[in-house]
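Architecture and fold: a report
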Amino acid sequence: MIKNIKVPLLEIRNLHANINDNKILKGVNLSIYEGEVHAIMGINGSGKSTLSKVIAGHPSYNIIKGEILFQGKDISNLDPDLRSHLGLFLAFQYPVEIAGLDNQEFLEAIYNAKRLSMNLPKVNPLFFYELLRKKLKMVKLDESFISRNVNEGFSGGEKKRNEILQFALLDSQLGILDETDSGLDIDALKSISETINTIIKTENKSIILITHYKRLLEYIKPDFIHVMDDGQIIKTGDSNIANLLEEKGYDWIKNITR
């Protein structure tokens, strides 16, 4: 009898990528399964954010070697919107403001775009509004936010929470959260972490957390921590790695992996 072999939700094989002929990723290997939380840590310039953008399909980055597989399918050459429709979501470190576009209109457009990609009809506005209200409650955003322009005048915490709202609304299988803790005070960090934990536990989502510091990982416990340096993952382990990095710094781990 042939046993079913579990396929990773995301599998990255020997990924090399550059921007403007500047090679940044130099052979990244990573496997993430359904329901897992992975943290990627490293100093500025180590390749963390580049990796997130390459996974999402940012057009400024070129894959020169390797593969990105999502649910067993090679998505290395797919456009960003098609990757999103398959179930990938990238929450930006610095969410942009979009003047003249209210949040509800934007959210309804991206929700229906995904439905159309699945050969499903658009939902009517009343149905969408009721769905959106449920998601707003889940991410602890007041209903007044949906009538405001996208991220315009939002605090840092509100912008990050609005990103999590999009992730929940699109029902994406994998969320890549690029420095979600950046610019947040401790209360906002705790609150957003609680929301992310709820989504992970109740909806069995997979998460990649990109961060410099362990404070985010005190609230969202990763199954694995990967340390990046010079475009490669140089160390993988459990949550104890974050404590050691806090105590000894990044030079320590680079020295022991040489």
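The rules behind the values
Residues numbered from 1 in each chain as written. Predicted model: local features only at pLDDT ≥ 70, side-chain atom pairs only at ≥ 80, totals over all residues. Heavy atoms only, no water. Helix = DSSP H or I, 4+ residues; strand = E, 2+ residues; numbered from the N terminus. Buried < 20%, exposed > 50% of the residue type's maximum accessible area, 1.4 Å probe, protein only. Contact = heavy atoms within 4.5 Å. Areas by Shrake-Rupley, 256 points an atom, 1.4 Å probe, with all protein chains shown as cover. Lys, Arg positive; Asp, Glu negative; His and termini not counted. Charge placed at Lys NZ, Arg CZ, Asp CG, Glu CD. Axes fitted to C-alpha atoms, helices over the stretch in contact; angles between N-to-C directions. Parallel < 35°, antiparallel > 145°, perpendicular 65-115°, else oblique. Nonpolar A, V, L, I, M, F, W, Y, C, P; charged D, E, K, R; others polar. Pairing = 2+ DSSP bridges.

Going by an unreviewed UniProt entry, the protein chain carries the name Iron-sulfur cluster formation ABC transporter ATP-binding subunit and comes from Fucus vesiculosus.

Our next topic: the overall build of the protein chain. Each helix and strand in the protein chain was counted, giving eight helices and twelve strands. Taken along its principal axes, the extent of the C-alpha atoms in the protein chain is 60 × 45 × 45 Å. Sorting the 258 residues of the protein chain into buried and exposed places 48% on the buried side. In the protein chain, the proportion of contacts linking residues at least 24 apart, taken out of those at least 6 apart, comes to 69%. Per element, the accessible surface of the protein chain, about 12900 Å² overall, is 49% carbon and sulfur. The distance from the centre of the 32 positive side-chain charges to the centre of the 34 negative ones in the protein chain is 4 Å.

Now for the packing of helix α4 (residues 125–139) against helix α6 (residues 186–203). One way to put it is that α4 packs onto α6 with a least axis distance of 9 Å and a crossing angle of 120°. The angle between the axes of α4 and α6 places the two elements in the oblique class. When α4 is examined against α6, the residues Lys135, Met138 and Val139 are found in contact with a partner set consisting of Thr195, Ile199 and Glu203. Considering only residue class, the contact of α4 with α6 consists of three nonpolar, one polar and two charged.

Sheet strands pair via backbone hydrogen bonds, and the direction of the pair is either parallel or antiparallel. Ordered in space as β6-β9-β10-β3-β11-β12, the six strands form an open sheet in which the pairing is mixed. Of all the strands in the sheet, just β6 (88–91) and β12 (232–237) have a single pairing partner and so form its edges. Adjacent strand axes in the sheet meet at a mean angle of 20°, parallel and antiparallel pairs treated alike. Contacts from helix α7 (residues 240–248) reach β3 (37–41), β11 (224–229) and β12 within the one sheet, and its direction differs from that of β11 by about 45°.

We now examine the environment of Tyr219. Relative to the elements of secondary structure, Tyr219 occurs in the loop between β10 (206–211) and β11. Apart from the residues within four sequence positions on either side, Tyr219 is in contact with Ile186, Leu189, Lys190, Ser193 and Asn197.

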